[in-house]
Amino acid sequence: AAVRGSGQEPLNGKYYTHQDWNTLSKLDEKNWGSCYQWSKAESERVAWDMAKELNLPMTSICPSFVFGPPTELIPGEGGFKLSNSYSITLVGQWVRGDSPVQSRLFVDIRDVA
């Protein structure tokens, strides 16, 4: 979310790099997604500013969508569900074709942890 806002194209027109920052998301009480993306980008900016000010080395990994295996089974109608999280629900909709894929910029948490 720090790399791009919804609908934001890469600066070079091809792929995202370290020079791409989310410049579209805003704090908007009617759009929680934009607020979330804004907060991720702003947190990243603050971290880089602090590292520079304190002369500390910093590395960050900024995939726009991180997901992984569920951490718990949740009792539900007809048995147990793996998760009721938004991200798992969203990926399920993509896989079933119920919703268009909104991002191909995702990574498994086990690859970035």
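Everything below is about the structure printed above this text.
In this text, all values refer to a predicted model and were calculated from it rather than measured experimentally. (Residues numbered from 1 in each chain as written. Predicted model: local features only at pLDDT ≥ 70, side-chain atom pairs only at ≥ 80, totals over all residues. Heavy atoms only, no water.)

So, about the overall build of the protein. Of the regular secondary structure elements, the protein holds 3 helices and 4 strands. Reading the helices (α) and strands (β) of the protein from amino to carboxyl end gives α-β-β-β-α-β-α. Counting only residues that meet the buried cut, the protein has 22% of its 113 residues in that class. In the protein, of all internal contacts separated by at least 6 residues, the share reaching a separation of at least 24 is 38%. (Helix = DSSP H or I, 4+ residues; strand = E, 2+ residues; numbered from the N terminus. Buried < 20%, exposed > 50% of the residue type's maximum accessible area, 1.4 Å probe, protein only. Contact = heavy atoms within 4.5 Å.)

Turning to the environment of Ala41, a few remarks are in order. If you trace the backbone, Ala41 turns up in helix α1 (residues 32–53). On the basis of relative accessibility, which here comes to 1%, the residue Ala41 falls in the buried class. Sequence-wise, Ala41 and Thr23 are 18 residues apart; in three dimensions their C-alpha atoms are separated by 8.5 Å.

So, about helix α2 (residues 86–96). Along α2, the residues classified as buried are Leu90, Gly92 and Trp94. Of the surrounding secondary structure, the elements contacted by the buried residues of α2 are β1 (65–67). Positive phi shows up at Gly97, right after α2, with a value of about 80 degrees.

This part is about α1. With 22 residues, α1 should reach 32 Å at 1.5 Å per residue; the first-to-last C-alpha distance of 31 Å fits that figure. Considered for burial, the residues of α1 that qualify are Ser34, Gln37, Ala41, Glu44 and Ala51. Along the long axis of α1, the arc covered by the buried residues comes to 135 degrees, so they all point the same way. For α1, exposure combined with an orientation more than 90 degrees from the buried face picks out Trp32, Asp49 and Glu53. Capping of α1 at its N-terminal end is provided by Asn31; its side-chain oxygen lies 3.0 Å from the backbone amide nitrogen of Ser34. Positive backbone phi, approximately 55 degrees, marks Asn55, located one or two places after α1. (Expected span 1.5 Å × (residues − 1). Arc of directions from axis to C-beta. Polar contact = N/O pair within 3.5 Å; in protein donor to acceptor, adjacent residues only side chain to side chain.)

So, about the pattern of salt bridges. One pass over the structure, following the stated rule, counts 3 salt bridges. Put simply, Glu42 and Arg45 hold a salt bridge, and the shortest N to O gap is 3.7 Å. Highlighted residues: Glu42 and Arg45, both in helix α1, separated by 3 residues, approximately one helical turn. As a salt-bridge pair, Arg96 and Asp98 come within 2.9 Å of each other at their nearest N and O atoms. Judged by its relative accessible area of 54%, Asp98 falls in the exposed class. (Salt bridge = Lys/Arg side-chain N within 4 Å of Asp/Glu carboxyl O.)

Along the chain, Asp108 falls in strand β4 (residues 106–108). Here Arg110 takes part through its side chain, which lies 2.5 Å from a polar atom of the side chain of Asp108. Leaving out residues up to four positions away in the same chain, Asp108 has contacts with Phe67, Gly68 and Pro69.

Any link to function would need more than the numbers given here.
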